[in-house]
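Residue-level structural notes
Next come the chains, spelled out residue by residue.
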Amino acid sequence: MIFQVTAKKVFGADYERLKKSLLIWAIVFLGLRIAEVRVETAPFILYLLSSSFTAGVMWLALSADDNRTNMMNLFMLPFETKNLNAAYVSALGLYVLATKTLGLLSVVWALSDLSGADILGSILCAVNAVWMSACVYTWRKRLRLGLLWCGLWCGGVLGILQIQSLVFPVGFVALLGNAILSFLLTLRADAYAFYRRPDSVVRIRGAHLSFGLVWRYLLRYMMSHKNYVVNTVTMWGVACVLPMLLGQIGGMAGSVPNAASRSGFFLPIGFVIVSMNTPICILLSCDPALEQAVRFLPGQRKAFFLPYGLFLFQCNMTAETIYLCSWQTFFGGVSGKAVLTAACFALLSATGSALLEWICPVRGWKIESDLWHHPRKYAVPGVLLLLAAAVGSMFVLG
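First, a word on what this report is: a plain description of the structure on this page. Residues take numbers from 1 onward in each chain, read along the sequence in its written order. The predicted nature of this model means local features are confined to residues of pLDDT at least 70 and side-chain atom pairs, given and counted, to a pLDDT of 80 or more, with totals for whole chains, interfaces and linings taken over all residues. For the side-chain quantities, the full set of heavy atoms in the structure was used; hydrogens and water were omitted.

1. Structural notes on the side chain of Ser106
By the criteria applied, helices consist of DSSP H or I runs no shorter than four residues and strands consist of E runs no shorter than two, each listed in order from the N terminus. Tracing the chain through its elements places Ser106 in helix α5 (residues 81–111). Here the term buried applies to any residue with accessible area under 20% of the maximum for its type, exposed to any over 50%, and partly exposed to those in between, with areas from a 1.4 Å probe on protein chains only. Judged by its relative accessible area of 3%, Ser106 falls in the buried class. When neighbours within four sequence positions are excluded, Ser106 is seen to be in contact with Trp25, Val28 and Phe29. Residues count as neighbours in contact if any of their non-hydrogen atoms are within 4.5 Å of one another.

Written out as structure tokens, the structure reads:
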């Protein structure tokens, strides 16, 4: 019963989302397979992708705010801790594997010529990531050296993945043993560890919104949801290393002719990449109560979306400033025109994201990770990427 309650919550009453996801991923796999496009993928990279992606999405699913009501309903029923833990994690794990991980694996499987052992290993990595994430999530507050323990455990798993890519039977057995250990530890954890207490976020009330109140709400919301902060800091890290990666693609070594012109072409593309911070672009969609208040109270569209757009601009501009500083360190040649272009792309990205939140908000989602992986997030970056290519060509010609 606990499994059905949780599964119907994330998949729908008739499991329609599960059926739809399986059909879509099957079509994607067959379409790419028929296209006969092949990309060589090392087994270790396949295992690492399957494990890291599944672990990240599973953690988001476990920490989603809307699971709070569902857990309160489950706690009102008579339950045994082991049964609740097993059923709850299994339902969320099935959701993650069927709707998210299977999409990634279907693309990799279709583009790569993998053996049956490699495919089986990638599935085992995903299942292991589900239970390992649940284990760390439930025991994270009861271990004095939690960070050190998690770091050592993750390092050990990376070693297992490397062994599995070289000597499959040995790595297979080790990974299976790690999955069983995670499963047993999760069953022994306190069931109430899955419940998140309400975050102390400032709610916007009343008929008037001030600029400072909106910014205070957005900052408090991000600080109370650490995954938003982690994603933003990660984008800053990407901005630091992105010039080097783009430089390798463009062949901007000193021995390559026309290196300066090539760098001018790839420079605007980086502006689009570092501005693709999905979580902060759905801060209204993830709070339906706030969206309802903004839409129904008079004059709130301008009062909320102007400071929200400026907030997005500030976040984008911070990432692009880091990107420009890194570009100057690696290659130099950052001019005032490049800084002005960065500001324009930050403003366009912020404006487009804010308009989408007003015109086409994401609704009907089950848990918060659905928002992070919604196809709408590619709309603004896709348009800006075309614009970046045009601007880059102008830089080259200029």
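Structure's up, so let's keep going.
2. Considerations on the packing of aromatic side chains
Between the rings of Phe, Tyr and Trp (Trp by its six-membered ring), a pair exists once the centres lie within 6.5 Å; its type follows the angle of the planes, with under 30 degrees stacked, over 60 edge-to-face, and the other angles tilted. This model, assessed by the stated rule, comprises 10 aromatic pairs. Pairing Trp59 with Tyr137 gives two aromatic rings, centres 5.1 Å apart and planes at 80°, and the pair type is edge-to-face. Here Trp59 is found in helix α3 (residues 43–62), whereas its partner Tyr137 is found in helix α6 (residues 116–139), with 78 residues between them in sequence. Residue Tyr137 is classed as buried on the basis of its relative accessible area, which comes to 2%. Centroid distance Trp131 to Phe183: 4.9 Å. Interplanar angle 85°. Geometry classified as edge-to-face. Pair noted here: Trp131 is in helix α6 and Phe183 is in helix α8 (residues 168–188), with a separation of 52 residues, a long-range link. Exposure remark for Trp131: the relative accessible area of 11% places this residue in the buried category. Judged by relative accessible area, Phe183 falls into the partly exposed class, the value being 30%. One aromatic cluster in this structure is built from Phe271, Tyr323, Trp327 and Phe345.

3. Focus on the environment of Leu30
Looking at the element boundaries, Leu30 is found in helix α2 (residues 16–35). The exposure class of Leu30 is partly exposed, given its relative accessible area of 49%. Separated by 77 residues in the primary sequence, Leu30 and Val107 place their C-alpha atoms 9.6 Å from one another.

4. A look at empty space enclosed by the protein
Left-over empty space is what a probe sized like a water molecule reveals as it rolls over the atoms. A 1.4 Å probe that fits but cannot get out identifies a cavity on a 1 Å grid over protein atoms alone, an open set with protein on both sides within 12 Å along at least five of seven lines counts as a pocket, and a residue lines either if it has an atom within 4 Å of a point. Grid points are joined across faces, edges and corners, and a volume is the space filled by probe spheres set on the points. A complete count under the given rule lists 2 cavities of 30 Å³ or more for this structure. Within this model, the largest cavity holds a volume of roughly 200 Å³. Partitioned by chemical class, the residues of the lining of the largest cavity number 10 nonpolar, 6 polar and 2 charged. Roughly 40 Å³ of volume is contained in the second largest cavity. Those elements giving two or more residues to the lining of the second largest cavity turn out to be α10 (226–250) and α13 (300–330). The classification used treats Ala, Val, Leu, Ile, Met, Phe, Trp, Tyr, Cys and Pro as nonpolar, Asp, Glu, Lys and Arg as charged, and all other residues, Gly among them, as polar. Here the lining of the second largest cavity is built from residues that sort into 6 nonpolar, 3 polar and no charged.

5. Considering the pattern of salt bridges
Here, a salt bridge means any Lys or Arg side-chain nitrogen found within 4 Å of an Asp or Glu carboxyl oxygen. A full pass over the atoms with the stated rule returns 2 salt bridges. Here Arg38 makes a salt bridge to Asp113, at a shortest N to O gap of 3.3 Å. Of this pair, Arg38 sits in the loop between α2 and α3 while Asp113 sits in the loop between α5 and α6, and the two are 75 residues apart along the sequence. Judged by relative accessible area, which is 61%, Asp113 ranks as exposed.

6. Focus: a nonpolar patch on the surface
Within this analysis, patches are made of residues with over 30% relative accessible area and no salt bridge. Like charges are joined at 9 Å or less; nonpolar side chains (Val, Leu, Ile, Met, Phe, Trp, Tyr) at 5 Å or less. The protein chains shown are the only cover counted for residues, whose accessible areas, like all others here, come from Shrake-Rupley with a 1.4 Å probe. Taken together, the side chains of Val241, Met244, Leu245, Phe330 and Phe331 define a hydrophobic patch exposed on the protein surface, amounting to about 400 Å² of accessible area. Top contributing element to the nonpolar patch by residue count: α10, with 3 residues. Mapped onto the secondary structure, Phe331 falls in the loop between α13 and α14 (336–359).

7. As for the nonpolar core
To form a nonpolar core, buried Ala, Val, Leu, Ile, Met, Phe, Trp, Tyr and Cys residues must be joined to one another through side-chain atoms within 4.5 Å. Within the largest apolar cluster, 29 residues are counted, with the highest numbers of intra-cluster contacts made by Met58, Leu62, Met71, Leu84, Tyr88, Val89 and Phe194. Only α1 (2–11), α3, α4 (67–75), α5 and α6 provide two or more residues apiece to this core. For this core, the leading source of residues is α5, giving 9 residues. Non-local contacts of Phe194, meaning those with residues more than four positions away in its chain, are made with Leu62, Met71, Asn85, Tyr88, Val89, Tyr137, Thr138 and Thr186.

8. Section: the packing of α5 against α6
Running from N to C, α5 and α6 point in directions that differ by 145°, and their axes come no closer than 10 Å. As α5 packs across α6, the resulting crossing turns out to be right-handed. Of the residues in α6, those touching α5 at Ala86, Val89, Ser90, Gly93, Leu97, Thr101, Leu105 and Trp109 are Ile119, Ser122, Ile123, Ala126, Val127, Val130, Trp131 and Ala134. For the contact of α5 with α6, the per-class residue count stands at 12 nonpolar, 4 polar and no charged. To get an axis, fit a line to the C-alpha atoms, keeping to the stretch in contact for a helix; angles then go from 0 to 180 degrees between the N-to-C directions. Crossing chirality is assigned from the near helix's rotation relative to the far helix, an anticlockwise turn below a right angle marking it left-handed and a clockwise turn marking it right-handed.

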